[in-house]
Amino acid sequence: MANIKTEDEIMLFEREMKEFWTKLKSIYGTEQINQTLALRDSCKESIKVLSEKWSKKLKEGDLMIDKIQEYSNEILQQSQRISENQEHLTEIKSNLNQEEKQKKDLTDSIQELKEELMKKKEIISSKNKAAKERVEQLCKSKVLFEERLGLEIRRIHNDQLQFIFRHIDHKDPDKPYVFTLSINEQGDYEVTSCTPPLDCIAEFQLKVRETNNFSAFVANIRKAFTALSYK
């Protein structure tokens, strides 16, 4: 664009110079005109050299502008790529933070489950130990009960104990009076069966849980069976 403008200015200048020389010929003589022509040619040569120089400068300037524009575009693209990469890194960082939080939450949950399981194991172990101790205590009392109360104690399925009383019914001394006892999950005594049934069995069960006096519990059941035999 700048080159076209410069060429137009040169053509306008040359046209004006021709008109000037035409007028000048009609006024001055040949010698003066020749001198003027020589001066004109010198000026034209100088103008030509100057025009070529500025034309070259303008071309170099255009190339420089194009190069600057090219660099600007490259910088803009690089800036866009940097921005995109930064957004991607931010997203990755956010995902990593979420994964770390999920990992921590999962680790905490696993630890809580482990602690809860250990507590349950301790409770179960404690209850099993207490139940085992009570069963052993009952077994040790077997001889005493058999000798004094005419009682036979049997260990049956599911770690239950069966208590069989005889010599209760004076009409039929061998007639059995039976109740079955177990230790429930809470570690308490629980009567699971009673033959013949006794209305007071629930009351006796509650009392032995409160007092833990097992001998009195067995004695009270035998008394209740004895009273029932007279009805």
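On a predicted model such as this, the values are computed, not experimentally measured, just so you know.

Analysis parameters
- Residues numbered from 1 in each chain as written.
- Predicted model: local features only at pLDDT ≥ 70, side-chain atom pairs only at ≥ 80, totals over all residues.
- Heavy atoms only, no water.
- Helix = DSSP H or I, 4+ residues; strand = E, 2+ residues; numbered from the N terminus.
- Buried < 20%, exposed > 50% of the residue type's maximum accessible area, 1.4 Å probe, protein only.
- Contact = heavy atoms within 4.5 Å.
- Areas by Shrake-Rupley, 256 points an atom, 1.4 Å probe, with all protein chains shown as cover.
- Pairing = 2+ DSSP bridges.
- Axes fitted to C-alpha atoms, helices over the stretch in contact; angles between N-to-C directions.
- Arc of directions from axis to C-beta.
- Polar contact = N/O pair within 3.5 Å; in protein donor to acceptor, adjacent residues only side chain to side chain.
- Core = buried A, V, L, I, M, F, W, Y, C linked by side-chain atoms within 4.5 Å.
- Salt bridge = Lys/Arg side-chain N within 4 Å of Asp/Glu carboxyl O.

(A) Local environment of the overall build of the protein chain. From N to C terminus, the protein chain includes five helices and four strands. Beginning at the N terminus, the succession of helices and strands in the protein chain can be written as α-α-α-β-β-β-β-α-α. Per-residue burial over the protein chain gives 20% buried out of 231 residues. Residue pairs in contact within the protein chain that sit at least 24 positions apart in sequence constitute 36% of those at least 6 positions apart. On the protein chain, roughly 18,000 Å² of surface is accessible, and the fraction owed to carbon and sulfur atoms is 53%.

(B) Quick peek at the sheet that holds strand E1 (residues 151-156). If you walk across this open sheet you meet the four strands as E1-E2-E3-E4, and the pairing is antiparallel. Edge positions in the sheet fall to E1 and strand E4 (189-195), since each has one partner strand and no second. Pairs of neighbouring strands in the sheet enclose a mean axial angle of 20°, with direction left out of account. Both strand E3 (residues 177-183) and E4 contribute to a ladder of six bridges, which runs antiparallel. Bridge assignment links Ser-182 to a residue of E4, and that residue is Glu-190.

(C) Examining helix H4 (residues 201-211) more closely. Listed as buried for H4 are Ile-201, Phe-204, Gln-205 and Val-208. Down the axis of H4, the smallest arc covering the buried residues is 100°, so these residues share one side. Residues Ala-202, Glu-203 and Glu-210 are exposed on H4 and point more than 90 degrees away from its buried face. Where the residues of H4 are buried, they touch E4 and helix H5 (214-229). Following H4 by one or two positions, Asn-212 adopts a phi angle in the positive range, close to 60°.

(D) Seen up close, the pairing of strand E2 (residues 160-165). In terms of burial, E2 is largely enclosed, as six of its six residues are buried. What you see with E2 is no split at all: Gln-160, Gln-162 and Ile-164 on one side and Leu-161, Phe-163 and Phe-165 on the other are buried throughout. Hairpin connection from E1 to E2: three residues lie between these consecutive antiparallel strands, with Asn-158 at a positive phi of about 60°. Summarising the sheet, E2 and E3 pair through five bridges and their orientation is antiparallel. Within E3, the position partnered with Phe-163 by the bridge is Phe-179.

(E) Structural context of unusual backbone geometry. With omega at -5°, the peptide bond leading from Thr-195 into Pro-196 counts as cis. Within the secondary structure, Pro-196 sits in the loop between E4 and H4. We note that Asn-212 has phi near 60°; this positive angle belongs to a residue other than glycine.

(F) Geometry of the environment of Phe-225. Along the chain, Phe-225 falls in helix H5. Separated by 29 residues in sequence, Phe-225 and Pro-196 have C-alpha atoms that sit 8.0 Å apart.

(G) Representation of the pairing of E1 in the model. Across six bridges, E1 lies against E2 in antiparallel orientation. By the bridge assignment for E2, Ile-156 is matched with Gln-160.

(H) Inspection of the side chain of Gln-160 at higher detail. Position of Gln-160 among the secondary structure elements: in strand E2. A polar atom in the side chain of Gln-160 sits 2.9 Å from the side chain of Thr-192.

(I) View of the nonpolar core. By size, the foremost hydrophobic cluster in this structure holds 22 residues, and its most contacted members are Phe-163, Phe-165, Phe-179, Phe-217, Ile-221 and Phe-225. Contributing elements (two or more residues each) for this core: E1, E2, E3, E4, H4 and H5.

(J) Quick peek at the pattern of salt bridges. The full count for this structure, using the stated rule, is four salt bridges. For the salt bridge of Lys-101 with Asp-105, the shortest nitrogen-to-oxygen distance reads 3.2 Å. Note that Lys-101 and Asp-105 are positioned in helix H2 (residues 30-140) at a spacing of four residues, about one turn of the helix. Among the residues examined, Asp-105 registers a relative accessible area of 36% and is labelled partly exposed. Of the charged contacts, one joins Glu-116 and Lys-120 as a salt bridge, the two residues approaching to 3.5 Å between their closest N and O atoms. Of this pair, Glu-116 and Lys-120 both sit in helix H2, four residues apart, roughly one helical turn. The class of Glu-116 is partly exposed, set by a relative accessible area of 40%. Residue Lys-120 is classed as partly exposed on the basis of its relative accessible area, which comes to 45%.

Read these as layout, nothing more, since geometry by itself doesn't imply function.
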